[in-house]
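Residues per chain are reported as follows:
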Amino acid sequence: MDKLASLLHMTPAIFWMVVKVVIVFSAVMLLASVWTWVERRGSAMIQDRIGPNRAAIFGKIRIIGLAQLLADGIKFFFKEDLVPEEANKGLFWLAPFLAFVPALIGFAVIPFGKDFTSGGVTYHLSVLDPGNGMGLLYPLAIGGMAVYGVLLAAWSSNNKWSILGGMRASAAMVSYEIGMSLAVVTIFMTTGGYDPAEVIKAQGHLPWAWNIVHQPFGFIVFFTCMFAETNRLPFDFAEGESEIVAGFNTEYGSMKFSLLALAEYSHLMTASALVATLYFGGWQVPFVQNPAVMLSVASFLLKMLFFAWVFVWIRWTLPRFRYDQLMHLGWKVMLPLSMANLVFHAWRMSQGH
Amino acid sequence: MGVVVKKVDLGWLDRTYVWPVMKGMSITFQHFIRNLFTSTAKRYTIQYPEMKKEIPAGYRGLHELKRFEDGAIKCVACFMCQEACPARCISIEAEEFSDLNITQGFEEKRPARFSIDMLRCIYCGMCEEACPKDAIWLRNDYEVAAYDRLSMKFGKWDLMNTYAEADGKDRISQDTTPTVPRRTIVM
C-alpha cells in the first residue's frame, strides 16, 4: 500500500483516505441505483405484477431487468434539460446537488467494518476516523440539511404545486426532527459517547445486548422518523401524484430529475446504515467475538441492505399519511415516546444499571 | 335521512399502530415470496407479445371476406354492408361476372373492389349482421396496426386473406379469386 501511495505521490494516509472515499461513495451510489431496480421489481412482486424485466443489453441479455438501470441512465442523460422560464435559474441548478450531496456524505462517519492493524498502523473502515469530534451528530446535522434540497427545488421552480410540496416537506421536518434527536440522545447517554465506533463497541457482539433490545421504543421512533427524513412513502409529503402533481420535482427533467431521485435512494442507504449502526450493532457479527474484517463488512452490508429492503417493503404496505397526521404523530406520539424513553433510561442509569 | 357511520372500535393493540403495520407487512411479504417462487409466465400478467389473451367467442376484430370451398368469393356485392356501416368505412365496386361456376352456378355480381378503411371502422359488426350471404365475418384478430394510413385500407385481397390460418385454411399468397372457375361442371 505504501508503495502504491508513493507511486501516486501521496502520503499513505492520504492514499488510504482517497481509497476509502472512492470505495464508500461509489458503493453507496451503486447501491442507490440498484435499489431503484429493487424497489420496482420488489413492489411488482408485492403487488402480483412482474415489473421491468424487458430491458436488455443488445436486445438479448436481460439479466432479470437490471439493464433497466442502464436504459434509464442513458435515457435521462440524453433528455432535453429544460429550465422553466420563470424559475430562479441559479437555485434551480443548485437544488439537485443540495439534495444529493447531503444524502451521500452522511455516510462519511459510519464505520462499515472492523478496524484492522497492518504494519503497525491502524486502519479504520470509515471515511472519517473515529475521534473526529463530530460523531453521529454529523449525519443528523447533514440529514437536517437534506430538506434544503427539497425546499430549494420546490421554491426555485416557481410552481405552485412544487411550493406546496416543499412547504409540506418542511412542515413535516419540524415535527419529526425533535423526536428523532431525542431517540438518538438516549443512545448517546447509555453509550457515554456519540462516536459511532463507541456506539458499536458498547453494543457488543451479543444480539440481546444491542440497542434494539434495550430501547425498542427509541428504535420505533427513530425508524419512523427515518421514513420522514428520507421522504419515503408513508410520509412522502414532498411529492404526491394525486394532490400536487409530482410535488417538489414537478419542473425537473433529465439528469437533474435523476439526481433528485438518486438522492432519495442514497438517503435511504444512509438512513439504513444509521439504523444498523445505532440499534443493530453496526459491523458486529452476532456471537462472534473478534470477527474477521471481511466478515464484519459483510455483516454490516447485510444489516444495511436488510433495512433498505424494509424501507421498500413498508413503502408498498402502507398508504400515505396526510401531513397533519404526521405532525400529530410527530408532536403528540413520537416526541412524548422518545422523551419517556430518555427519562426512563436516565432513571435506569441513575439506579446504577 | 342521515347515514349512520359505524365507527370501527379499535383495540389497544390496533391503536399502537405498530402491530397492524406488522400484520400488513406479513401480508405483503407473503405476496412477495409467492411471486418470487412462481415463474413470470405463471403470474397474472399476460406478457403480451409472447403470451396472448384468449379471445372470447363473438369477439369483433378484423374482417374477413369468406370464400367458397373452391376459393370463389361469397360476396355478391349487394351493398348491404356498405349501407349498414355506421362509420361509412366500406366501399364496394361491383362487377358482373358471367362464368359458370359450380358454387354460384349462374351469372352473378361480385365485388371488383371491396375496401374497408380500418382506421374508420369501429368494429361494430353491423356489416356481419347485414350480410345476406354470410360473406363478411369479424374475426378474433385484434392486432390491426400499420405504419401509415394507406396500409390500413384493406382491399379485397387483404380481406379475403386476413390471417387465414386461424380457421385451418392456409394463407394464400396471391389473389386466387378465380376469374375462371376452378371446377367447371363436369359434363
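Fair warning: this is a prediction, and the values are worked out from it, not measured in the lab.

**Focus on the overall build of chain A**
The number of helices and strands found in chain A is 12 helices and 2 strands. For chain A, the sequential pattern of α-helices and β-strands runs α-α-α-α-β-β-α-α-α-α-α-α-α-α. For 353 residues, the compact-globule estimate of 2.2 N^0.38 gives 20 Å, and the C-alpha radius of gyration of chain A, at 21 Å, lies within 12% of that figure. Counting only C-alpha atoms and orienting by the principal axes, one finds that chain A spans roughly 60 × 55 × 45 Å. Going through the 353 residues of chain A one by one, you find that 42% of them count as buried. Long-range pairs, those at least 24 residues apart, make up 77% of the contacts in chain A between residues at least 6 apart in sequence.

**What to know about the overall build of chain B**
A tally of helices and strands in chain B yields 5 helices and 5 strands. Put simply, chain B runs from its N terminus to its C terminus through helices and strands in the order α-α-β-α-β-β-α-β-β-α. A buried classification covers 18% of the 187 residues belonging to chain B. Put simply, of all contacts in chain B between residues at least 6 apart along the chain, 71% involve residues at least 24 apart.

**Observations regarding the sheet that holds strand β3 (residues 108–117) of chain B**
Strands belonging to one sheet form pairs held by backbone hydrogen bonds; the direction of such a pair is parallel or antiparallel. All names here are of chain B. Strand order in this open sheet of 3 strands is β2-β3-β5, and the pairing throughout is antiparallel. The open sheet is flanked by β2 (90–97) and β5 (153–154), the only strands paired with a single partner. Here 2 bridges tie β3 to β5, and the two strands are oriented antiparallel to one another. Across the sheet, I116 pairs through a bridge with F154, a residue of β5.

**Some details on the interface of chain A and chain B**
It is common to give the size of an interface as the accessible area lost on bringing the parts into contact. Each partner contributes to the interface: chain A provides 13 residues, whereas chain B provides 14 residues. Elements supplying a minimum of two residues to the side of chain A that touches chain B: α2 (12–46) and α11 (293–315) of chain A. Examining the composition of the side of chain A that touches chain B, we find that 3 residues originate from one element, α2(A), more than from any other. A per-class count over the side of chain A that touches chain B returns 8 nonpolar, 3 polar and 2 charged.

**Considering the pairing of β3(B)**
When β2(B) meets β3(B), the two strands line up antiparallel, connected through 8 bridges. Its bridge partner being in β3(B), B:F97 is matched across the sheet by B:E108.

**Some remarks on the nonpolar core**
In terms of nonpolar packing, the biggest core is built from 82 residues, with A:A99, A:V150, A:A153, A:A169, A:A172, A:F222 and A:V275 touching the most fellow members. The residues touching A:A99, leaving out its near neighbours within four places in the chain, are A:A146, A:G149, A:V150, A:A153, A:L260 and A:A263. In this structure, B:A77, B:M80, B:C121 and B:L159 belong to the second largest nonpolar core, which totals 20 residues.

**Observations regarding helix α9 (residues 216–229) of chain A**
Here α9(A) contains 14 residues, and its C-alpha end-to-end distance of 19 Å stays within 8% of the 20 Å for a straight helix at 1.5 Å per residue. Counting buried residues in α9(A) gives 12 out of 14 residues, a clear majority hidden from the surface. Taken as a whole, α9(A) has its buried residues at A:G218, A:F219, A:I220, A:V221, A:F222, A:F223, A:T224, A:C225, A:M226, A:F227, A:A228 and A:E229. Of the surrounding secondary structure, the elements contacted by the buried residues of α9(A) are α5 (137–156), α6 (160–191), α8 (211–214), α10 (254–279) and α12 (323–350) of chain A together with α2 (18–36) of chain B. At the C-terminal side of α9(A), A:N231 shows a positive phi close to 60 degrees.

**Observations concerning the environment of B:M152**
Among the secondary structure elements, B:M152 is positioned in the loop between β4 (136–138) and β5. When sequence neighbours within four positions are dropped, the list of residues in contact with B:M152 reads B:D117, B:M118, B:L119 and B:A146.

**Some remarks on the environment of A:K75**
Mapped onto the elements, A:K75 comes out in helix α3 (residues 67–78). Each C-alpha atom, one on A:K75 and one on A:W16, is 36 Å from the other, the two residues being 59 residues apart in sequence.

**What to know about unusual backbone geometry**
Peptide bonds are mostly trans, and most non-glycine residues show a negative phi. Positive phi, close to 50 degrees, is recorded for A:S254, a residue that is not glycine. Tracing the sequence through the fold places A:S254 in helix α10.

**As for the confidence of the model for chain B**
Residues and elements named next belong to chain B. In this model, chain B carries an average pLDDT of 78, and 80% of its residues clear a pLDDT of 70 or more. pLDDT under 50 marks residues 171–187. Its contacts with residues more than four places away, or in other chains, come to 27 contacts. In the model output, the complex is listed with pTM 0.78 alongside ipTM 0.78.

**Observations concerning the packing of helix α4 (residues 89–105) of chain A against α10(A)**
For any two helices packed against each other, one specifies the inter-axial angle together with the distance between the axes. Residues and elements named next belong to chain A. Across the interface, α4 lies against α10 with an axial gap of 8 Å and an inter-helix angle of 20 degrees. Between α4 and α10, the angle falls in the class roughly parallel. For α4 against α10, the interelement crossing comes out left-handed. In contact with P96, A99, F100, A103 and L104 of α4, α10 contributes K256, L259, L260, L262, A263, S266, H267 and T270.

**Quick notes on the environment of A:F223**
All names here are of chain A. Checked against the element boundaries, F223 lands in helix α9. With 22 C-beta atoms counted inside 10 Å, the residue F223 sits in the buried group. On a C-alpha basis, the gap between F223 and A271 in space is 8.7 Å, while along the polypeptide they are 48 residues apart.

Reading guide: rules and limits
- Sequence positions are assigned chain by chain, starting from 1 and proceeding in written order.
- All chains are assigned letters beginning at A, and all ligands numbers beginning at 1, according to the order in which they are written.
- Selection of residues for local features in this predicted model requires a pLDDT of at least 70, selection of side-chain atom pairs for listing and counting requires 80 or more, and totals for whole chains, interfaces and linings are taken over all residues.
- Strands are runs of DSSP state E lasting at least 2 residues, helices are runs of H or I lasting at least 4, and numbering of each runs from the N terminus.
- Here the globule rule reads 2.2 Å times residues to the power 0.38, and the radius of gyration is calculated from C-alpha atoms.
- Here a residue counts as buried when 20 or more other C-beta atoms fall within 10 Å of its C-beta, as exposed when 12 or fewer do, and as partly exposed in between; the C-beta atoms come from the backbone.
- We call two residues in contact when the distance between their C-beta atoms, placed using the backbone, is within 7 Å.
- Here, a strand pair is defined by DSSP locating no fewer than two bridges between the strands.
- Residues are grouped as follows: nonpolar covers Ala, Val, Leu, Ile, Met, Phe, Trp, Tyr, Cys and Pro; charged covers Asp, Glu, Lys and Arg; every other residue, Gly included, is treated as polar.
- The nonpolar core criterion groups buried Ala, Val, Leu, Ile, Met, Phe, Trp, Tyr and Cys residues into a set whenever they are joined through C-beta atoms within 7 Å.
- By this rule the span expected of a helix is its residue count minus one, scaled by 1.5 Å.
- pLDDT gives the predictor's per-residue confidence on a scale running from 0 to 100.
- For helices, the fitted line uses only the C-alpha atoms of the stretch in contact; every axis is such a line through C-alpha atoms, and the angle between N-to-C directions lies from 0 to 180 degrees.
- For classification, angles of less than 35 degrees are called roughly parallel, those exceeding 145 degrees roughly antiparallel, those between 65 and 115 degrees roughly perpendicular, and all remaining angles oblique.
- Two helices that cross are described as forming a left-handed crossing if the nearer one is turned anticlockwise from the farther one by less than a right angle, and a right-handed crossing if clockwise.

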